[in-house]
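Observations on chain architecture
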Amino acid sequence: MKEIADIIAAYHDALKENRKAALATVVKVEGSSYRRPGARMLVTDDGLLTGAISGGCLEGDALRKALSAIHQGENKLVTYDTTDEDDAKFGVQLGCNGIVHILFEPVFGEAQNNPVELLKAVNARREDCVIATLFALDNKKQPGTVMLFREKECLEKIPDEISGAVKNDAFDVLKLKLSRFETYAVGTEEFDAFLEFIPPPVQLIIAGAGNDAQPLAEMANILGWEVIVADGRQTHCSMQRFPAAKQILIAKPEQVLPKIQIDGQTAFVLMTHNYNYDAALLNLLLDTNAPYIGTLGPKKKLIRMLEELNQTEQEFRINGPIGLDIGAETAEEIAISILAEIKTVLSGASAGMLKEKKKPIHFYDLKRN
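An unreviewed UniProt entry lists the chain under the name XdhC family protein, from Pedobacter rhodius.

Given below as structure tokens:
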């Protein structure tokens with residue numbers, strides 16, 4: 001989501017400077033690649049790159065392809081094949097031993113539902129959504145980013161004959177929360193479609209405005225997470241101390257939750273260093289469906305709170321002591337530990353060492369029906 005937000009901001013800057021731009025999107029990968037389908041990069045005609053479609057090895061050639069798409073005013077699909085060891089002919093030296101298909105779309109500001117406008121709609125609300133991108137591996141015609149779909153919203157520029165089928169498939173993607181590929185026929189032409197499931201960004205609520213909460217808020221902001229800081233102390237809980245926060249709540253525990261929309265991407269960290277405040281807020285959180293609740297401090301503190309709240313059976317829901325065991329000591333190191341654990345829980349990952357992982361590092365169960 002941070003990549004999308006950065007692309008939107010860069011596009012607005014380009015419009016102000018009357019510069020042209022193209023959106024590059026990884027639409028398909030075969031074999032190994034640094035980025036997976038859905039990775040995006042905005043290229044402006046002055047050579048500014050925002051986002052990433054590789055680890056840096058593709059960007060130089062992608063700049064040339066994007067400028068060509070801008071100049072010709074049409075979408076282009078470019079394939080980088082490095083399964084052949086002689087990848088030098090592409091001028092990119094990928095070294096990933098994979099095939100990467102990248103779609104380049106010039107962005108016309110006056111065009112309704114242009115690709116960046118659809119990305120803006122993604123960021124407009126905290127709701128799951130699907131972005132549909134149509135492309136063809138053996139066809140010069142490349143429809144591109146054609147639809148944003150939510151349960152109660154649809155922005156599209158799809159041929160009428162496949163509009164219903166794409167929407168039905170997008171609804172399934174939304175329900176299953178799982179991206180997938182489909183194939184559609186328009187007349188005698190066949191197009192592949194990448195139906196990408198996009199959840200809202202992580203919403204991190206930090207209960208506690210002490211000095212140790214500052215690096216946590218700053219690092220979460222770097223990740224593109226939406227940060228809310230809540231504390232009862234007006235002297236500590238301020239935008240001056242937490243400039244990266246989206247919202248500051250000077251509130252008692254019972255006043256916090258009514259001001260927050262809890263969804264599947266919401267994480268709470270209790271670190272006020274005020275036992276009564278943490279216990280009161282924890283009691284309220286246990287009645288919610290918050291997918292992540294973490295408490296700073298020793299295990300015995302958490303057990304004591306749960307015993308006093310008569311909620312010992314809910315210990316399994318709480319990550320306490322909070323964080324991964326990385327040997328953290330300083331506030332900054334503890335922040336890394338906490339953020340890594342939250343990311344692990346919300347993404348369903350193992351938090352193990354990558355060298356011990358048997359499956360590919362980027363493992364996505366993308367379906368093709």
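Alright, that's what it looks like, and here's the rest.
A few words now on the pairing of strand β12 (residues 226–231). Burial analysis of β12 places six of its six residues in the buried class, the great majority of the element. Taking every second residue as pointing to the same face, both faces of β12 are buried, with Glu-226, Ile-228 and Ala-230 on one and Val-227, Val-229 and Asp-231 on the other. Taken together, the five bridges between strand β11 (residues 203–207) and β12 define a ladder with parallel strand orientation. Bridging across to β12, Gln-203 finds its partner in Glu-226. In this view, the connection linking β11 to its parallel neighbour β12 by way of helix α5 (residues 213–222) has right-handed handedness. When β12 meets strand β13 (residues 247–250), the two strands line up parallel, connected through four bridges. Residue pairing in the sheet places Asp-231 in a bridge with Ile-250 of β13.

On the basis of which strands lie adjacent, the open sheet formed by six strands has the order β13-β12-β11-β14-β15-β16 and parallel pairing. With partners counted over all chains shown, the strands left at the sheet margins are β13 and β16 (318–319), one partner each. Across the sheet, helix α7 (residues 275–285) touches β11, β12, β14 (266–270), β15 (292–295) and β16, and the angle it forms with β14 is around 155 degrees.

End to end, helix α1 (residues 2–16) covers 21 Å across 15 residues, agreeing with the expected 21 Å (1.5 Å per residue, within 8%). Along α1, the residues classified as buried are Glu-3, Ile-4, Ile-7, Ile-8, Ala-10, Tyr-11 and Ala-14. The buried residues of α1 occupy an angular sector of 170 degrees when projected down its axis, which confines them to one face. Looking at the buried positions of α1, the neighbouring elements they touch are β1 (21–31), β2 (40–44), β3 (49–51), β5 (98–107), α3 (115–124) and β10 (189–198).

Looking now at the pairing of β15. In β15, alternate side chains face the same way, and those of Tyr-292 and Gly-294 on one face and Ile-293 and Thr-295 on the other are all buried. Pairing of β14 with β15 involves four bridges; the strand directions are parallel. The residue bridging Leu-270 from the neighbouring strand is Thr-295, located in β15. Handedness of the β-α-β unit built from β14, α7 and β15 comes out right-handed.

For the structure shown, the criterion picks out 26 salt bridges. Among the ionic pairs, Lys-120 bridges to Glu-117, the shortest N-O distance being 3.6 Å. Pair noted here: Lys-120 and Glu-117 are both in helix α3, with a separation of three residues, about one helical turn. Accessibility expressed as a relative area gives 30% for Glu-117, which makes it partly exposed. Lys-301 serves as the salt-bridge partner of Asp-278, at 3.4 Å between the closest nitrogen and oxygen. With Asp-278 in helix α7 and Lys-301 in helix α8 (residues 299–308), this residue pair connects regions lying 23 residues apart in the sequence. In this structure, Asp-278 and Lys-301 share a single accessibility class: buried.

Right, let's talk about the side chain of Thr-145 for a bit. For Thr-145, the position within the fold is in strand β7 (residues 144–150). Among the polar contacts listed, one links the side chain of Thr-145 to the side chain of Glu-105, at a separation of 2.7 Å.

Taken together, Glu-218, Glu-329, Glu-332 and Glu-333 make up a surface patch of like negative charges. Tracing the sequence through the fold places Glu-333 in helix α9 (residues 331–347). Using a relative accessible area of 33% as the deciding quantity, one classes Glu-333 as partly exposed.

Let us look at the packing of α7 against α8. The relative placement of two packed helices comes down to the angle between their axes together with the axis-to-axis distance. With their axes 10 Å apart at the nearest point, α7 and α8 run at an angle of 60 degrees to one another. Comparing their axes, α8 and α7 come out oblique. Once α7 is placed against α8, the crossing between them reads as right-handed. On the side of α7, the interface is formed by Tyr-275, Asp-278, Ala-279 and Leu-282, while α8 contributes Lys-301, Leu-302, Arg-304, Met-305, Leu-306 and Glu-308.

Moving on to α8. Turning to α8, its buried residues number three or more, namely Lys-301, Leu-302, Met-305 and Leu-306. For α8, the arc enclosing every buried residue in end-on projection is 130 degrees, short of the 170-degree limit, so these residues lie on one face. Those residues of α8 that are buried are in contact with α7, β15 and β16. Phi for Asn-310, located one or two positions after α8, is positive at around 55 degrees.

Another aspect to go through is unusual backbone geometry. Put simply, Gly-320 and Pro-321 share a cis peptide bond, and its omega is 0 degrees. Mapped onto the secondary structure, Pro-321 falls in the loop between β16 and α9. Phi angles above zero are rare outside glycine, and Ala-351 is one such case at about 65 degrees. Mapping Ala-351 onto the fold places it in the loop between α9 and β17 (367–368).

Conventions and cut-offs
- Residues numbered from 1 in each chain as written.
- Predicted model: local features only at pLDDT ≥ 70, side-chain atom pairs only at ≥ 80, totals over all residues.
- Heavy atoms only, no water.
- Buried < 20%, exposed > 50% of the residue type's maximum accessible area, 1.4 Å probe, protein only.
- Helix = DSSP H or I, 4+ residues; strand = E, 2+ residues; numbered from the N terminus.
- Pairing = 2+ DSSP bridges.
- Right-handed = clockwise from strand over helix to strand, strands pointing away.
- Contact = heavy atoms within 4.5 Å.
- Axes fitted to C-alpha atoms, helices over the stretch in contact; angles between N-to-C directions.
- Expected span 1.5 Å × (residues − 1).
- Arc of directions from axis to C-beta.
- Salt bridge = Lys/Arg side-chain N within 4 Å of Asp/Glu carboxyl O.
- Polar contact = N/O pair within 3.5 Å; in protein donor to acceptor, adjacent residues only side chain to side chain.
- Patch = residues over 30% accessible without salt bridge, like charges linked within 9 Å, V, L, I, M, F, W, Y side chains within 5 Å.
- Areas by Shrake-Rupley, 256 points an atom, 1.4 Å probe, with all protein chains shown as cover.
- Lys, Arg positive; Asp, Glu negative; His and termini not counted.
- Charge placed at Lys NZ, Arg CZ, Asp CG, Glu CD.
- Parallel < 35°, antiparallel > 145°, perpendicular 65-115°, else oblique.
- Left-handed = near helix turned anticlockwise from the far one by under 90°.

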